[in-house]
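Spelled out, the chains give:
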Amino acid sequence: MVDYHSTNNQSAGGAQTYMEQENDWDRDLLLDPAWEKQQRKTFTAWCNSHLRKAGTQIENIEEDFRDGLKLMLLLEVISGERLPKPERGKMRVHKINNVNKALDFIASKGVKLVSIGAEEIVDGNAKMTLGMIWTIILRFAIQDISVEETSAKEGLLLWCQRKTAPYKNVNVQNFHISWKDGLAFNALIHRHRPDLIDYDSLRKDDPVTNLNNAFEVAEKHLDIPKMLDAEDIVNTARPDEKAIMTYVSSFYHAFSGAQKAETAANRICKVLAVNQENEQMMEDYEKLASDLLEWIRRTIPWLENRTQEKTVKDLQAKQEDFRDYRTVHKPPKVQEKCQLEISFNTLQTKLRLSNRPAFMPSEGRMVSDINTAWHTLEGAEKGYEEWILSEIRRLERLEHLAEKFHQKAAIHESWTDGKEAMLTQKDYETSTLSEVKALLRKHEAFESDLAAHQDRVEQIAAIAQELNELDYYDAASVNARCQKICEQWDILGSLTHSRKESLERTEKQLESIDELYLEYAKRAAPFNNWMEGAMEDLQDMFIVHNIEEIQGLISAHEQFKSTLPEANKEREAIQAIQAEVQRIAQSNGIKLSGANPYTTITPQSIDSKWEKAMTMVPQRDCALQDELNKQNSNDSLRATFAAQANSVGAYIQAKMEEIGRISIEMNGTLEDQLTNLKDYQKTIMSYMPEINKLEGHHQQIQEALIFDNQYTSYTMEHLRVGWEQLLTTIARTINEVENQILTRDAKGISQEQLFEYRASFNHFDKKRSGQMVSDDFRALLISTGNSLGDGEFNRIMGIVDPNSSGFVTFQAFIDFMSRETTDTDTADQVIASFKILAGDKNFITADELRRELPPDQAEYCIARMAPYAGPDGVPGALDYMSFSTALYGESDL
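Rules used in this analysis
Residues numbered from 1 in each chain as written. Predicted model: local features only at pLDDT ≥ 70, side-chain atom pairs only at ≥ 80, totals over all residues. Heavy atoms only, no water. Helix = DSSP H or I, 4+ residues; strand = E, 2+ residues; numbered from the N terminus. Rg over C-alpha atoms; globule rule 2.2 N^0.38 Å. Buried < 20%, exposed > 50% of the residue type's maximum accessible area, 1.4 Å probe, protein only. Contact = heavy atoms within 4.5 Å. Areas by Shrake-Rupley, 256 points an atom, 1.4 Å probe, with all protein chains shown as cover. Lys, Arg positive; Asp, Glu negative; His and termini not counted. Charge placed at Lys NZ, Arg CZ, Asp CG, Glu CD. Salt bridge = Lys/Arg side-chain N within 4 Å of Asp/Glu carboxyl O. Axes fitted to C-alpha atoms, helices over the stretch in contact; angles between N-to-C directions. Parallel < 35°, antiparallel > 145°, perpendicular 65-115°, else oblique. Left-handed = near helix turned anticlockwise from the far one by under 90°. Nonpolar A, V, L, I, M, F, W, Y, C, P; charged D, E, K, R; others polar. Expected span 1.5 Å × (residues − 1). Arc of directions from axis to C-beta. Core = buried A, V, L, I, M, F, W, Y, C linked by side-chain atoms within 4.5 Å. Phe/Tyr/Trp six-rings, centres within 6.5 Å; stacked < 30°, edge-to-face > 60°. Polar contact = N/O pair within 3.5 Å; in protein donor to acceptor, adjacent residues only side chain to side chain. pLDDT = per-residue confidence, 0-100.

Describing the overall build of the protein
Point 1. Looking only at helices and strands, the protein has 32 helices and six strands in total.
Point 2. Computed over C-alpha atoms, the radius of gyration of the protein comes to 69 Å, more than 25% over the 29 Å expected from 2.2 N^0.38 for 893 residues, which places it beyond the range of a compact globule.
Point 3. Seen through its principal axes, the protein has C-alpha atoms that stretch 160 × 145 × 70 Å.
Point 4. The buried share among the 893 residues of the protein stands at 40%.
Point 5. Taking the intrachain contacts of the protein between residues at least 6 apart in sequence as the baseline, contacts between residues at least 24 apart amount to 73%.
Point 6. A total of about 48,800 Å² of accessible surface is found on the protein, and carbon and sulfur atoms cover 51% of it.
Point 7. Taking the average place of the 102 positive charges on the side chains of the protein and the average place of its 143 negative ones, the gap between the two points comes to 9 Å.

Structure, rendered in structure tokens:
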């Protein structure tokens, strides 16, 4: 809410007249029920907007102000001043005294109260109470509004007109009719807070919506309480002016604070901008002046420097630098000096126009100070130019003779460059014998060249003498160079003699070393080969399969170890030769340049290989011993496996022979045979733990990587195949008996016939394998009374051996004999049966099948019969003829 404290101490001024006019209000108008209702609501909301700051509020405006306590509190809140202490008694006199204190405070603010007494307020006179509150609103909320030399009501009206002028359908001319449609309230909010109101969506013909929108936004976002109801305004021909003014004044105070702050901020920013611009110009002047003075300070010593140069070229470089100074460096500084003066004058003018004090640069940075420094700079510049020209002429006279001296000296120095280093180097200390001989021949050629350069040295000394006589300015350097050349010449002569002596002495010593190198090479080569062979043997991977093989390797290794002492003596003798070479080299200061020219075998490599071989010997001992232990363990595993394998192998062989006899010599009924075979099968399966035990031994054999076993001829693979064959033979024999029972029951073959068939089959099964080849089978058929040609025999073989394996089993023989000797159903018989069920029709229906056959067999036929395609068919007819043919195959048609 708005704080009116800042207005409380202002004088009533020109607004006093308006206050007097407003106080002389038409009291009869307040009796209008609609206006009185609007004033009650508005004034109550206005009072509560301030009382809530003190933590209280009123409900009934004429009742809650009767004791004067909340009235005094309201005045303290809106004025920011303290009123006299109120009386807390409940008697009428206490209440009148409190109200009088409030009225006296209002009167002290220059407000004339007409016909409003404390008794009327205490008695709850609504008309007088509303009049008093309106007086307070005028004084503290409206009186101090000022817009373009208008105040109070006129000022508030002018403010509203200015703020709402850009909005369509808004024309504020008063504080009653102009506000009925609600657009003016919305326009005021949108002008200051466009983010809160979508003004273009409002309609002039919907005043209730417009008013409620404005009141709700003001209460929610602007902290302006809702002082009126939209319906009260719309349903009243002329809304109460005082209520509207009170409400609008809250908007003014809510927005005017922000507007005043914005105006004040703009004024401050404008003043600060001018001040900042002036300060920046002052800083720019100070910096530019400092930089220019610093440049002058650095340049003057350079112009006053008169250091002589040694050559014309060096002096010409100075002249070129001076030319750059004139054309490159100085012109920007001239421009800076001019800009400095312009900036100084502009700054002084701006300060004068903005009523600021004149700018006073720092000490020594005045325009006059800069002009003085500039004048000194130009004087130094003129003197420097004259000195350069005179120096160039002076140096040209002496430069020619000096150039000649330096030319000859340079040629001589170029020749001597590196010669002293060459003569002092001790390259012969690291050279071979052949290299030393080559160095001697090269040195003799150098001695001849040295004698030829004697004349040039004498010429250089003569020119130096002449420059001294002519008083050359750089005679000291010429003399020093000449002296250096002469001294170096003497040194070269001495070094040449010393190097020749050293080369001749080294040649003799290297000849002795060469002989020792040759002897070393002759003995080191065979010894090195022996060690490499020994290490190769020590590192050689061995694979053995039994104890005898590993014992042979251990014996060979022991024989090798017995030769090591003699080998070590040979190694020491070879190393002694190398030690003699080192002694000769060290005693004579010879640095051996490289390895032995006759061999690549070094003493270090011999010792390294020897140490490595000695390390390998115990490692080989350990490896051989570990392998011996391993072979002992493997031999034990072989024996364990062999014992179990021999037992299992014998068992399988015995059982295979036994099952062969059983399959041939079976007696009793087929059911008895089947029972005996199954009991026999259980007996065989009870031997399975022995097979598993053997598998465990075999796993240990495999983990130990044992591939042979001299203790048994059996392998695990053979025993597995034998065991599986034994189980398969028993299962096949049981299956044959079961099939014989099925054949007997299905074909009506008697037990005696089966015994006869078995005896005949066993007779011709010469290998007793349960199956026979085609020739034996032909003999069997002939024995049964069949006279066979090749065609008939081939037909029968196609039946009993459909896969053309070349063998005929007993079961296939039984099936064939049962087909040949028993009556069986044919496709024609089945077709005739279906025709009976179909009522002599060539087709049958699904309903007939379900009626005549069991359910599962009926559904089986329906699923597999094709639709009937004959002309006499009916919907859903099925073809039983093709179905029956398919059951037996085309050969049975």
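Some details on the pattern of salt bridges
Point 1. Taken as a whole, this structure holds 38 salt bridges when the rule is applied.
Point 2. The closest approach of N and O atoms between glutamate 62 and arginine 40, which form a salt bridge, is 2.5 Å. Placement of glutamate 62 in helix 3 (residues 61–64) and of arginine 40 in helix 2 (residues 33–51) is noted, with a sequence separation of 22 residues between them.
Point 3. The partner of lysine 41 in a salt bridge is aspartate 229, and the shortest N-O contact between them spans 3.5 Å. Note that lysine 41 is positioned in helix 2 and aspartate 229 in the loop between helix 10 (207–221) and helix 11 (230–234), a separation of 188 residues in sequence.

Quick notes on the packing of helix 2 against helix 7 (residues 126–142)
Point 1. The N-to-C vectors of helix 2 and helix 7 enclose an angle of 50°; their axes lie 11 Å apart at closest approach. Here helix 2 lies oblique to helix 7, going by the angle between them. Between helix 2 and helix 7 lies a crossing of left-handed hand. Along the contact surface, helix 2 presents Glu36, Gln39, Arg40, Phe43, Trp46 and Cys47, while helix 7 presents Ala126, Leu130, Ile133, Trp134, Ile136, Ile137 and Ala141.
Point 2. Among the residues forming the contact of helix 2 with helix 7, the class breakdown is 10 nonpolar, one polar and two charged.

Description of helix 19 (residues 547–561)
Point 1. If you check helix 19, its first and last C-alpha atoms are 22 Å apart, about what 15 residues at 1.5 Å a residue would give, namely 21 Å.
Point 2. All buried positions along helix 19 are accounted for by Ile547, Ile550, His557 and Phe560. The buried residues of helix 19 occupy one face: seen down the axis, they fall within an arc of 140°. Residues of helix 19 that are exposed and point more than 90 degrees away from the buried face comprise Glu548 and Gln559.

A closer look at the packing of helix 26 (residues 774–783) against helix 27 (residues 790–800)
Point 1. Contact geometry for helix 26 and helix 27: axes closest at 12 Å, N-to-C directions at 110°. With respect to each other, helix 26 and helix 27 are oriented roughly perpendicular. By crossing handedness, the relation of helix 26 to helix 27 is classed as right-handed. Each of Ser774, Phe777, Arg778 and Leu781 in helix 26 lies in contact with helix 27, whose residues at this interface are Asp790, Phe793, Ile796, Met797 and Val800.
Point 2. Considering only residue class, the contact of helix 26 with helix 27 consists of six nonpolar, one polar and two charged.

Focus on the nonpolar core
Point 1. Within the largest apolar cluster, 78 residues are counted, with the highest numbers of intra-cluster contacts made by Ile136, Trp179, Phe185 and Phe251.
Point 2. The contacts of tryptophan 179, once residues within four sequence positions are left out, are Cys160, Val172, Asn174, Ala184, Phe185, Leu188, Leu211, Ile233, Ile244 and Val248.

Section: the packing of aromatic side chains
Point 1. By the definition in use, this model includes 27 aromatic pairs.
Point 2. Plain terms: the ring middles of tryptophan 159 and tyrosine 252 are 5.0 Å apart, the flat faces sit at 85° to each other, and that makes the pair edge-to-face. On the criterion of sequence distance, the pair formed by tryptophan 159 in helix 8 (residues 152–164) and tyrosine 252 in helix 12 (residues 241–304) is long-range, its members being 93 residues apart.
Point 3. Here tryptophan 415 and tryptophan 489 contribute two aromatic rings whose centre-to-centre distance is 6.3 Å and whose plane-to-plane angle is 45°, an arrangement assigned as tilted. Highlighted residues: tryptophan 415 in helix 14 (residues 367–416) and tryptophan 489 in helix 18 (residues 475–539), separated in sequence by 74 residues.
Point 4. Judged by relative accessible area, which is 13%, tryptophan 415 ranks as buried.

Thoughts on the environment of threonine 236
Point 1. Relative to the helices and strands, threonine 236 resides in the loop between helix 11 and helix 12.
Point 2. Sequence separation between threonine 236 and isoleucine 701 is 465 residues, and the spatial gap between their C-alpha atoms is 118 Å.
Point 3. Leaving out residues up to four positions away in the same chain, threonine 236 has contacts with Ala34, Trp35, Gln38 and Lys180.

Focus: the environment of valine 114
Point 1. Examined against the element boundaries, valine 114 turns out to sit in the loop between helix 5 (92–108) and helix 6 (118–122).
Point 2. Look at valine 114 and you get partly exposed, because its relative accessible area is 29%.
Point 3. Residues valine 114 and methionine 132, 18 residues apart in the sequence, show an inter-C-alpha distance of 9.5 Å.

Topic: the side chain of threonine 599
Point 1. For threonine 599, the position within the fold is in the loop between helix 20 (564–587) and helix 21 (603–664).
Point 2. Overall, the relative accessible area of 13% leaves threonine 599 in the buried class.
Point 3. A polar atom in the side chain of threonine 599 sits 3.1 Å from the backbone nitrogen of isoleucine 601.
Point 4. Among all residues touching threonine 599, those that are not within four sequence positions of it are Tyr520 and Ala521.

Considerations on helix 17 (residues 454–469)
Along an α-helix, residues three or four apart share an orientation, since each turn contains 3.6 residues.
Point 1. The terminal C-alpha atoms of helix 17 lie 24 Å apart, and with 16 residues this matches the ideal 22 Å at 1.5 Å per residue to within 8%.
Point 2. Every buried residue of helix 17 is listed here: Val457, Ile460, Ile463, Ala464 and Leu467. For helix 17, the buried positions fall inside an angular range of 125° around the axis, keeping them on one side. Within helix 17, the exposed residues directed more than 90 degrees away from the buried face are Asp455 and Glu469.
Point 3. On the buried face of helix 17, the contacting elements are helix 14 and helix 18.

Digging into the environment of valine 436
Point 1. Assignment of secondary structure puts valine 436 in helix 16 (residues 433–452).
Point 2. Distance in space between the C-alpha atoms of valine 436 and lysine 508 is 9.9 Å, their sequence separation being 72 residues.
Point 3. When sequence neighbours within four positions are dropped, the list of residues in contact with valine 436 reads Tyr428, Ser431, Leu503, Thr506, Glu507 and Leu510.

Some thoughts on the confidence of the model for the protein
Point 1. Averaged over every residue, the pLDDT of the protein is 81; residues scoring 70 or more account for 91%.
Point 2. Counted against residues more than four places away or in other chains, residues 1–31, with its pLDDT under 50, gives 71 contacts.

A few points about unusual backbone geometry
Point 1. Of note in this structure, aspartate 223 is not a glycine but carries a positive phi near 65°.
Point 2. One can find aspartate 223 in the loop between helix 10 and helix 11.
Point 3. Phi angles above zero are rare outside glycine, and aspartate 840 is one such case at about 70°.
Point 4. Its place among the elements puts aspartate 840 in the loop between helix 29 (827–837) and helix 30 (846–852).
Point 5. A residue is classified by how much of its surface remains accessible, and aspartate 840, at 59% relative accessible area, is exposed.

Considering the side chain of threonine 712
Point 1. Locating threonine 712 in the fold gives a position in the loop between helix 23 (688–703) and helix 24 (716–747).
Point 2. Judged by its relative accessible area of 11%, threonine 712 falls in the buried class.
Point 3. One polar contact links threonine 712 to asparagine 646, side chain to side chain, over a distance of 2.6 Å.
Point 4. At a separation of 3.1 Å, a polar atom in the side chain of threonine 712 contacts the main-chain amide nitrogen of tyrosine 714.
Point 5. Those residues in contact with threonine 712, other than ones at most four positions away along the chain, are Phe641, Ala642, Ala645 and Asn646.

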